[in-house]
Amino acid sequence: MSVLPAPFLLPVDWWALGAVLALSVGAMLLLLLEFLPARPGSSRAAVVALVALAASALAVTLARDARRTLFGGMFVHDGFAVFFTLLFCAIGAVAVLLSWDYVKRTRINHDEYYALLLCATLGMVLMAASNDLITVFLGLELMSLALYVLVGFRRNRLESNEAALKYFLLGAFASGFFLYGIALLYGATGTTNLARMAEFLAGSPLRADPLLLAGGLLLLVGFLFKVAAVPFHMWTPDAYEGAPTSVTAFMSAGAKAAAFAALLRFGLRALGGFPAEWVPVLGVVAMLTMTVGNVTALLQSNLKRMLAYSSIAHAGYVLVAVAAGGPDGASAALFYLAVYSVMNLGAFGVLTILGRGAQERVLMADVRGLGFRRPLVGLALAVFMISLGGIPPTAGFIGKVYVFATALKAGLLPLVIVGVLNSVVSVYYYLRVTVALYMQEPQGEPTEVSWAAPAAMAIVLALALTLWWGVQAGGLLEQAQRSVLGLL
Amino acid sequence: MNFPWLSWLVFLPLAGGVLLLATPAAADRWHRRWAMTVALAEFALSLPLWWRIIPWQPGWQLVEKRAWLPALGAQYYLGVDGISMLLVLLTTLITAVAILGAFGAVRERTREFYALLLALEAGMIGTFLALDLLLFYVFWEAMLIPMYLLIGAWGGQRRVYAAVKFFLYTMAGSVLMLVAILSLYFMQKGLTGIPTFELDAFYAMPLAPAAQVWLFLAFALAFAIKVPMFPFHTWLPDAHVEAPTAGSVILAAVLLKMGTYGFLRFAIPLFPTASVQFTPWIVALALIGIVYGALVSMVQPDLKKLVAYSSVSHLGFCMLGLYAMNPQGFAGSLMQMLSHGVSTGALFLLVGIVYERRHARLIADFGGLWKPLPVYSAIFLAVMLSSVGLPGTNGFVGEFLVLLGAFRANWWWAAIAATGVILSACYMLWMFQRVVFGPVTHEENRELKDLSLRERLVFAPLLILIFWMGLMPQPFIDRMQPALNRTIELSKQRAAAAAVMHAPPGAPFRLPTGGAR
């Protein structure tokens, strides 16, 4: 791969940048639109956001086979970036659809909401496509700052404020670690560019340099914070619970996938595969993350909190794939992230439509009897739970099989056994939701469902994909395998 | 053979169930009729297998093979032989009978109820027909969901507890089997370079004895929980007692057979050396199950629980027959699987019928039922005697062959197992005496209505089978024996191949060598 000799900004392949440009233009347009007052129930911001996301996805699809390095090697357009850009656009689009009615009901329908959503998506895309730790950091901060605001977007709710503050403080702390890690890595290798770092390390005795190891581990801390891995998961339940549910859906899928994307690129591109010293670290973190996430989720009665802990556990499963290392591990992680995003967006999506107006009906008791009263809503939630639990015939099962198969191939048998036992534990709390849905009668006032066309579309789409990938995952599997080829 | 017979068998009930979900919720009469039509069509579709399968032809028949997950090498691979053909026929018959039997019992949410029953049928048939281990696992696990919902949503008082326990027990057993399947896959891939989950490829792969032990244990745990063998049986009484009648019938008649089928198809031929090595343990557990199940049955005040524990005892016979590892034992085991399916299915239906009328299941609530319910009692008598294993009924053939096989392997086994036969006569006859004979002890039982035409139709095929299998078992044995003999032959060959392997060709798992690959 050719790195430009000098940081000349030109010539720029605008097609390869199309996705980023579309998102930036969309976000700025939304901010400008604020000058034109709109009706309170207007959907124009959502439409603009959706168009920006669609344009971004289109641009990246049109240029999907191209391989480019731009901005002096800081930004790459390769299969890996294309995979994640499409994933983030899809996550963003589903989040917009879920927000469409939700923000109106909860009276946070401001254009800034969608502008921030686009900014966060842009940050995610940048993280997946950057070939330089500085750009990774820029993407990370762009995503995080937008998310901090989005989490606290329901200003008049105390929980929302608390969540935003907690997320921000801990996130800022993690960013510090991340930057310090970059500094140490720069000290060890003399560059922040991943490609040049790889060249420097190739065959160099400095691979065992403690400075490099320390820098790498600090960087890892920053990533682990963003993916909500134990022991850096403390913010997750509060932030997920306090945030508007549509934002929770968005960040639980997007932020996690973005951090994993950057971590995988760093590990495979700069380090040429995770060093042997990292594997036990990643393995132990994965075990802890799965176990703590699942065991704590058992005790939750609030579905948002339960899904927050479940998302921690799912980060653990992805970490199993990361620990397996190599292109196999990376493609398993990609596959799992796509599957996880779909089913998790679906699960949170169902939560966004529970309750009338601004009320939140997200307790376990609130979904009692919903399965027979609202068959489609119940079916959707049940299928997402079954898929999150990794039970066939759903996408979650194929994802887990692929992840565990990869880990087994890499000789990580203990990790696999802990993983499969964890999925048995997790099934208990996912089943509790189906118990509430189908086997219990509602107590008190039954939960109303705010069924709106855009959210319904998003949920049905997620449902269809969850089932489709459960029986026909071949295409996605090959896509994931092909996408990581360029990293090595 | 171009007609994808087996795919139709798997997907017809599934499609029927999905279509059912699209109907309006209130039309319960139509739900029943539709479900019955689909189940009958399915039965009609499965019936020709009886003639089409050529028993002595080696290998799988009516094979369908298509790429499923090419990136992993998993295939959509279905096939049938004499063993699975009989179990598929049992499944289609029992499902139709269970649906017909549920007409009176299930009055609400009929749409979902019948849709789940049909989905369950698809899962069960898929499990018996799958010849790709990943596909088998998918069916094996997916089938849990409809059963879980059937128990949990239409069950009795403690239905939620029973449903969750059923699901978690089975799942906990199965996940390690998944790890074992994946290990087998990588060993196979390492050996031949071809990634595949095909059962034939695993049959052809020599396995060192040391590797067999762990893989066998992982498979055996999954199947032993499903059978259920003695210490893993505690989910069974709960699930049976709380499930709606149709659920209990299918659970007893078909789901339990998946455990024994798993041993027969996978655990024994894939890991014959380990199977032999663990034979004393498994036989001990089977014998404990036979005697313990019978003793516990004897003291049950609840009819459904009694039948549930009798299943533990009868399935012990199936396991004993399998681990006798000779043709008689195998044939007896499979005969016992079929006849337990028919007899116990019928017993659960009989209990369900009095429960529907009286909302009581305790033995003490009945007595002298012969007077108000002569037809019912006569059928009950026949079914009860077949469950006891009276010569001339289906139960006798299976038990006799199992005992014969066990005797050939070790006469002690047969001696202990034979006490189970005696005990089963004790608890069944005693129960029957208290429920049916004597004067009518409860006034409310005097007015009970005897079987309706529909209910008689439910029992007709089961009674025919009870006597057919009892008086003329040869057509059944003829169809199963060649496939069973081939399984024994294969196990022997694989055990011999394992015996000459000194160094394992690639230990099951490589040690971690670091992540940089």
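Residues numbered from 1 in each chain as written. Chains lettered and ligands numbered in written order. Predicted model: local features only at pLDDT ≥ 70, side-chain atom pairs only at ≥ 80, totals over all residues. Heavy atoms only, no water.

Caption draft 1: Structural context of the overall build of chain A. The helix and strand inventory of chain A stands at 19 helices and two strands. Against the compact-globule benchmark of 23 Å for 488 residues, chain A has a radius of gyration of 21 Å, which places it among compact chains. Along the longest, intermediate and shortest principal axes, the C-alpha atoms of chain A span 70 × 55 × 40 Å. A burial count over chain A gives 67% of its 488 residues as buried. Pairs at least 24 residues apart make up 81% of the contacts formed inside chain A by residues separated by at least 6 positions. (Helix = DSSP H or I, 4+ residues; strand = E, 2+ residues; numbered from the N terminus. Rg over C-alpha atoms; globule rule 2.2 N^0.38 Å. Buried < 20%, exposed > 50% of the residue type's maximum accessible area, 1.4 Å probe, protein only. Contact = heavy atoms within 4.5 Å.)

Caption draft 2: Examining the overall build of chain B more closely. The helix and strand inventory of chain B stands at 20 helices and two strands. Radius of gyration (C-alpha) of chain B: 22 Å, near the 24 Å computed for a compact globule of 517 residues. Burial analysis of chain B (517 residues in total) assigns 65% to the buried set. Considering only intrachain contacts with a sequence separation of at least 6, the fraction spanning at least 24 residues in chain B is 81%. Within the structure as shown, chain B displays about 17600 Å² of accessible surface, and the carbon and sulfur contribution to it stands at 70%. Distance between charge centroids for chain B: 2 Å, based on 34 positive and 24 negative side chains. (Areas by Shrake-Rupley, 256 points an atom, 1.4 Å probe, with all protein chains shown as cover. Lys, Arg positive; Asp, Glu negative; His and termini not counted. Charge placed at Lys NZ, Arg CZ, Asp CG, Glu CD.)

Caption draft 3: Representation of the pairing of strand 1 (residues 61-69) of chain B in the model. All names here are of chain B. In terms of strand pairing, strand 1 meets strand 2 (residues 74-80) through six bridges, oriented antiparallel. Bridging from a neighbouring strand, Arg66 pairs with Tyr76 of strand 2. What sits between strand 1 and strand 2 in their antiparallel hairpin is a turn of four residues, with Gly73 showing a positive phi close to 90 degrees. (Pairing = 2+ DSSP bridges.)

Caption draft 4: Structural view of the pattern of salt bridges. Evaluated as defined, the whole model comprises 27 salt bridges over all chains. Two residues, B:Arg109 and A:Glu441, come together in a salt bridge whose shortest N-O distance is 3.5 Å. Of the two residues, B:Arg109 is situated in the loop between helix 4 (82-101) and helix 5 (110-129) and A:Glu441 in the loop between helix 17 (413-439) and helix 18 (453-471); the pairing between them involves two chains. Judged by its relative accessible area of 52%, A:Glu441 is exposed. B:Arg357 is the partner of B:Glu455 in a salt bridge, and the nearest nitrogen-oxygen pair spans 2.8 Å. In this pair, B:Glu455 sits in helix 19 (residues 453-471) while B:Arg357 sits in helix 15 (residues 327-358), placing the two residues 98 residues apart along the sequence. In this structure B:Arg357 comes out as partly exposed when scored by relative accessible area, which is 25%. Each of the salt bridges in this network shares a partner with another, and the network as a whole consists of A:Arg154, A:Arg157, A:Glu159, A:Lys304 and A:Glu360. (Salt bridge = Lys/Arg side-chain N within 4 Å of Asp/Glu carboxyl O.)

Caption draft 5: Structural detail: the interface of chain A and chain B. Across the contact, 48 residues belong to chain A and 41 residues belong to chain B. Of the roughly 3800 Å² buried at the junction of chain A and chain B (both faces included), carbon and sulfur atoms supply 77%. At the boundary of chain A and chain B, one finds one salt bridge. Counting across the interface, chain A meets chain B through five residue pairs in polar contact (both at pLDDT 80 or more). For the side of chain A that touches chain B, the secondary structure elements donating two or more residues are helix 13 (326-352), helix 15 (375-388), helix 16 (395-409), helix 17, helix 18 and helix 19 (474-483) of chain A. For the side of chain A that touches chain B, the element with the most residues is helix 17 of chain A, which contributes 14 residues. Classifying every residue of the side of chain A that touches chain B gives 35 nonpolar, ten polar and three charged. (Buried area = accessible area lost by both parts, 1.4 Å probe. Polar contact = N/O pair within 3.5 Å; in protein donor to acceptor, adjacent residues only side chain to side chain. Nonpolar A, V, L, I, M, F, W, Y, C, P; charged D, E, K, R; others polar.)

Caption draft 6: Spotlight on empty space enclosed by the protein. According to the stated counting rule, one finds ten cavities of 30 Å³ or more in the structure shown. In this structure, the largest cavity spans a volume of roughly 80 Å³. Every residue along the wall of the largest cavity is listed here: A:Gly389, A:Gly390, A:Phe397, A:Lys400, A:Phe404, A:Val420, A:Ser423, B:Tyr137, B:Glu141, B:Met171, B:Val175 and B:Leu178. Broken down by secondary-structure element, the contributors of at least two residues to the lining of the largest cavity are helix 16 and helix 17 of chain A together with helix 6 (133-142) and helix 8 (159-192) of chain B. When grouped by side-chain class, the residues that make up the lining of the largest cavity number seven nonpolar, three polar and two charged. (1 Å grid on protein atoms, 1.4 Å probe; cavity = no way out; pocket = protein on both sides within 12 Å on 5 of 7 lines; lining within 4 Å. Points joined across faces, edges and corners; volume = space filled by probe spheres on them.)

Caption draft 7: Fine view of a nonpolar patch on the surface. Residues and elements named next belong to chain B. Where nonpolar side chains cluster on the molecular surface, the patch consists of Ile464, Phe467, Trp468, Leu471 and Met472 and spans about 520 Å² of accessible area. The topology assignment puts Met472 in the loop between helix 19 and helix 20 (474-499). Relative accessible area serves as the criterion here: at 48%, Met472 is assigned to the partly exposed category. (Patch = residues over 30% accessible without salt bridge, like charges linked within 9 Å, V, L, I, M, F, W, Y side chains within 5 Å.)

Caption draft 8: Focus on unusual backbone geometry. Residue A:Pro231 follows A:Val230 across a cis peptide bond; omega there is 5 degrees. With respect to the helices and strands, A:Pro231 occurs in the loop between helix 8 (210-227) and helix 9 (235-242). The omega torsion across B:Val227 and B:Pro228 is -10 degrees, close enough to zero to call that bond cis. Note that B:Pro228 resides in the loop between helix 10 (209-226) and helix 11 (235-242). Located in the positive-phi region is A:Arg107, a residue other than glycine, with phi close to 55 degrees. In this fold, A:Arg107 is placed in the loop between helix 3 (79-105) and helix 4 (111-129). Exposure remark for A:Arg107: the relative accessible area of 67% places this residue in the exposed category. The phi dihedral of B:Met325 falls on the positive side, at around 55 degrees, and the residue is not glycine.

Caption draft 9: View of helix 2 (residues 44-62) of chain A. All names here are of chain A. Taking 1.5 Å per residue, 19 residues should reach 27 Å; helix 2 reaches 27 Å between its end C-alpha atoms and fits that length. Of all the residues in helix 2, the buried ones are Ala45, Ala46, Val48, Ala49, Ala52, Leu53, Ser56, Ala57, Ala59 and Val60. Buried residues in helix 2, looked at end-on, bunch into an arc of 170 degrees, giving them a common side. In helix 2, the exposed residues that point more than 90 degrees away from the buried face are Val51, Leu58 and Leu62. (Expected span 1.5 Å × (residues − 1). Arc of directions from axis to C-beta.)

Caption draft 10: How the structure looks around the environment of A:Gly378. All names here are of chain A. Here Gly378 lies in helix 15. Assessed through its relative accessible area of 0%, Gly378 is described here as buried. Once the C-alpha coordinates of Gly378 and Arg368 are considered, the two residues, ten residues apart in sequence, prove to be 9.7 Å apart.

Caption draft 11: Structural detail: the layout of surface pockets. The space that makes up the largest pocket amounts to roughly 1500 Å³. As for the largest pocket, its lining consists of 44 residues, and the residues nearest its centre are A:Pro393, A:Leu467, B:Leu14, B:Val18 and B:Ala119. For the lining of the largest pocket, the secondary structure elements donating two or more residues are helix 14 (370-373), helix 15 and helix 18 of chain A together with helix 1 (5-21), strand 1, helix 5, helix 6 and helix 7 (144-154) of chain B. Among the residues forming the lining of the largest pocket, the class breakdown is 34 nonpolar, seven polar and three charged.

Caption draft 12: Region of interest: the nonpolar core. Of all hydrophobic cores here, the largest spans 404 residues; its most connected members are A:Phe84, B:Phe219 and B:Phe263. Broken down by element, this core gets its largest block of residues, 18 residues, from helix 8 of chain B. Ignoring anything within four residues of it in the chain, the contact list for B:Phe219 reads B:Leu133, B:Met177, B:Ala180, B:Ile181, B:Leu184, B:Phe266, B:Ala267 and B:Phe271. (Core = buried A, V, L, I, M, F, W, Y, C linked by side-chain atoms within 4.5 Å.)

Caption draft 13: Up close: the state of the cysteines. Taken as a whole and assessed by the stated rule, the structure comprises zero disulfides over all chains. In this structure A:Cys119 is not part of a disulfide, and its nearest cysteine sulfur, from A:Cys89, lies 14 Å away. (Disulfide = S-S within 2.5 Å.)

Caption draft 14: Looking closely at the confidence of the model for chain B. Residue and element names in this part refer to chain B. Across chain B, pLDDT averages 91, with 97% of residues at or above 70. In this model residues 505-517 is a low-confidence stretch, pLDDT under 50, and it forms 24 contacts with partners more than four residues away in sequence or in other chains. Here the prediction assigns the complex a pTM of 0.93, and the interface score ipTM is 0.92. (pLDDT = per-residue confidence, 0-100.)

Caption draft 15: Representation of the packing of helix 4 of chain B against helix 20 of chain B. All names here are of chain B. With their axes 7 Å apart at the nearest point, helix 4 and helix 20 run at an angle of 135 degrees to one another. Here helix 4 lies oblique to helix 20, going by the angle between them. Contacts between helix 4 and helix 20 involve Gly82, Ile83, Met85 and Leu86 from the first element and Phe476, Arg479, Met480, Ala483, Leu484 and Thr487 from the second. Counted by class, the contact of helix 4 with helix 20 contains seven nonpolar, two polar and one charged residues. (Axes fitted to C-alpha atoms, helices over the stretch in contact; angles between N-to-C directions. Parallel < 35°, antiparallel > 145°, perpendicular 65-115°, else oblique.)

Caption draft 16: Region of the structure containing the packing of aromatic side chains. If you walk through the whole model with that rule in mind, you get 55 aromatic pairs over all chains. Both rings, one in A:Trp235 and one in A:Tyr240, keep their centres 6.1 Å apart while their planes meet at 75 degrees; by these two values the pair is edge-to-face. The burial state of A:Trp235 is the same as that of A:Tyr240; both residues are buried. Judged by centre distance (5.7 Å) and plane angle (55 degrees), the rings of B:Trp50 and B:Trp468 are tilted. With B:Trp50 in helix 3 (residues 49-52) and B:Trp468 in helix 19, the pair connects residues that are 418 residues apart, well separated along the chain. What makes B:Trp468 partly exposed here is its relative accessible area of 31%. A connected cluster of aromatic rings, assembled from ring pairs, spans B:Phe128, B:Phe136, B:Trp140, B:Phe219, B:Phe223, B:Tyr261, B:Phe263, B:Phe266, B:Phe271 and B:Tyr323. B:Arg33 extends its terminal NZ or CZ atom over the ring of B:Trp30, reaching a point 5.0 Å from the ring centre. (Phe/Tyr/Trp six-rings, centres within 6.5 Å; stacked < 30°, edge-to-face > 60°. Lys NZ or Arg CZ within 6 Å of the ring centre and 35° of its normal.)

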